[in-house]
Amino acid sequence: MKYPAVENFVAGKYIKGSGGSLDVNSPIDGSKISEVTLSNYSDLDKAVSAARTAFESWSATPIKERTQVLFRYRALLEKNMKELSELVSEENGKTLSEAQAEVEKSMELTEFACSMPQIASGEILEVSKGVECRVERYPVGVVASIAPFNFPNMVPNWTIPNALVLGNTMILKPSELVPLSANRLAELLKEAGLPDGVFNVVHGAKETVEAICDHPGIDTVSFVGSTKIAKLVYIRASSNLKRVLTLGGAKNHLLVFPDAHVEMTASNVAASMSGCAGQRCMAAASMIAVGSVDHIIDELCKEAIKIIPGVNLGSVISKAAKERIEGYITEAEKEGAKVLVDGRNSVVKGKENGFYVGPTVIDNVRPEMRIAKEEVFGPVIVIIRTDNVDEALKIQHSSHYGNASSVFTQSGGIARYVSEKASAGMIGVNIGVPVPREPFSFGGWNESRFGVGDITGKSSIEFWTKLKKITTKWNPESKVNWMS
Ligand code: NAD
């Protein structure tokens, strides 16, 4: 085992959970690199006690002082970039450059948190002569953040810097498939001067998540993962009267028009569908070809074959994921779809036990096929052909997801029409992965997100704080006394 067993990080120390352990395998070559402890309610309870105790002094620390810890954390992310990126790549399977981009994004998220003293201050107004209303922000309390496997470093950092700088204390529950990065983040936060107990990591799977939803000592739950579990967590945690925001899965449609810039469109679509081996909630899943776009599809296939497993394409997360993805392709082919570029049965020399799927482009897919409707979560794009923009939008609307959608065209009118009519929270115009950068916030619509507001950026400030409204009358000299 390359790494020691992964334990919970509670009040600044490592402790073992009491629910047994799971092997952690690198999807790059299938080898066991560590094992992770699993936690039950009583293990979680220890973290909640630590976070509750730490909340008293952390929430009372001025925001400018809290921000100083985050400045140092950002510097440590940069200093340890190489090691953090290698860890992400090893436990998740993505390429080293994709892993590095993830850590860079974590730095950007932290930079945004460092601007909180400037943008999250309260408000004050003299509402009538001698009477002042002021609004102050308070942290919500102990918050939990539950993360998926696909971004072991970045998704935890969607929540950590903002929640902490705004005065909350946190329990992170990473995916049991990629538990190593989370503990390194905990160590770096400690090194940055974060007091013990402010940030804790509890490892586990279903039982641990259910304990988080039920524990009365947790005020707020955020979740990022599949729609199936996002719904369960939303219902269970909110039925326990917690503030909840859960982000779910995706099926992103790219609408491609004949006038689109050929090379730019082809390379953007190829990169969107294959980046992080297609395991991104922002990945292109369906290309809706509006009219005659064969010239763009030809170019897309040329781009796709330049994407080589083990070189510029990482592995998918597990054997089960590889089998699921290849199963979708085979089923579509049986139903009459045409596989233009086939990524099934990919083997990387020297990494024969790794879980690789090559880039796959499938034409003549019909909207009612399973591969057109469900989240495949692999480096696969389906092409659905249609004649006009309204038909294309109808297909986009038929999805119960609504994370992102993009339009590729040189026409401003079409771009604006699609941006307005597409039912998704994030829209790209000639961009395949339309992730909003800070200070703008990240979040989808429909069954890609449950709850109010977004998880990052300015919108998240409302989620991590509660408002206190103070009305004050000081000066009897003004001789206005209508407000008793
Ligand atoms: P997942 O839903 O299987 O797991 C997410 C978390 O839930 C993990 O921490 C896991 O331990 C826990 N979990 C799993 N099964 C559970 C159960 N039965 N009860 C309670 N908790 C459970 O998701 P994943 O496979 O880790 O991640 C991939 C999914 O995440 C994809 O659907 C992807 O689209 C989605 N995702 C969405 C976004 C977004 O912003 N909308 C971002 C990243 C990933």
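Residues numbered from 1 in each chain as written. Predicted model: local features only at pLDDT ≥ 70, side-chain atom pairs only at ≥ 80, totals over all residues. Heavy atoms only, no water.

Novice: Outline the sheet that holds strand S13 (residues 284–290), supporting the account with residue identities and numerical values.
Specialist: The strand order S14-S15-S16-S13-S12-S17-S18 describes an open sheet built from seven strands, whose pairing is mixed. The outermost strands of the open sheet, each flanked by one partner alone, are strand S14 (338–341) and strand S18 (426–429). Between one strand axis and the next, the sheet turns through 20° on average, direction left out of account. Pairing analysis gives three bridges linking S14 to strand S15 (residues 360–363), with the strands arranged antiparallel. By the bridge assignment for S15, lysine 338 is matched with aspartate 363. Contacting strand S12 (252–256), S13, strand S16 (380–386) and strand S17 (404–408), helix H14 (residues 389–397) crosses the sheet at an angle of about 160° to S13. (Pairing = 2+ DSSP bridges. Helix = DSSP H or I, 4+ residues; strand = E, 2+ residues; numbered from the N terminus. Axes fitted to C-alpha atoms, helices over the stretch in contact; angles between N-to-C directions. Contact = heavy atoms within 4.5 Å.)

Novice: Summarise the domain arrangement of the chain; cite the residues concerned and give the values.
Specialist: Domain boundaries assigned for the chain yield domain 1 (8–249 + 443–469) and domain 2 (252–400 + 404–429). Contacts between the two partners involve 21 residues from domain 1 and, on the opposite side, 25 residues from domain 2. Buried area between domain 1 and domain 2, summed over both chains or domains, comes out near 1,800 Å², and the portion from carbon and sulfur atoms is 59%. Scanning the region where domain 1 abuts domain 2 turns up zero salt bridges. Here the side of domain 1 that touches domain 2 is composed, by residue class, of seven nonpolar, nine polar and five charged. (Domains from an automatic or database assignment. Buried area = accessible area lost by both parts, 1.4 Å probe. Salt bridge = Lys/Arg side-chain N within 4 Å of Asp/Glu carboxyl O. Nonpolar A, V, L, I, M, F, W, Y, C, P; charged D, E, K, R; others polar.)

Novice: Now, about empty space enclosed by the protein: what can you tell me, with residues and values included?
Specialist: Enumeration according to the criterion identifies three cavities of 30 Å³ or more in this entry. By volume, the largest cavity is sized at about 130 Å³. Taken together, 16 residues line the largest cavity, and the ones lying closest to its centre are Gly278, Ala284, Ala285, Val376 and Phe377. For the lining of the largest cavity, the secondary-structure elements that each account for two or more residues are S13 and S16. Looking at the lining of the largest cavity residue by residue, the class counts come to ten nonpolar, three polar and three charged. When its volume is computed, the second largest cavity comes out at roughly 40 Å³. (1 Å grid on protein atoms, 1.4 Å probe; cavity = no way out; pocket = protein on both sides within 12 Å on 5 of 7 lines; lining within 4 Å. Points joined across faces, edges and corners; volume = space filled by probe spheres on them.)

Novice: Hey, could you go over the site of the ligand for me, with residue numbers and the actual values?
Specialist: Taken together, 28 residues are adjacent to the ligand, and Ala147, Glu176, Ser226, Gly248 and Glu375 come closest. Alanine 147 places a main-chain nitrogen or oxygen 2.7 Å from an oxygen atom of the ligand. Protein chains bury 88% of the 850 Å² of accessible surface belonging to the ligand in isolation. Of the pockets mapped on this structure, the ligand occupies the largest pocket. Elements represented by at least two residues in the shell around the ligand include exactly helix H8 (206–214) and strand S10 (220–224). Looking at the shell around the ligand residue by residue, the class counts come to 16 nonpolar, eight polar and four charged. Two domains each donate at least three residues to the shell around the ligand, and these are domain 1 (8–249 + 443–469) and domain 2 (252–400 + 404–429). (Near = heavy atom within 4 Å. Polar contact = N/O pair within 3.5 Å; in protein donor to acceptor, adjacent residues only side chain to side chain. Areas by Shrake-Rupley, 256 points an atom, 1.4 Å probe, with all protein chains shown as cover. Sits in = over half its atoms within 2 Å of the grid points.)

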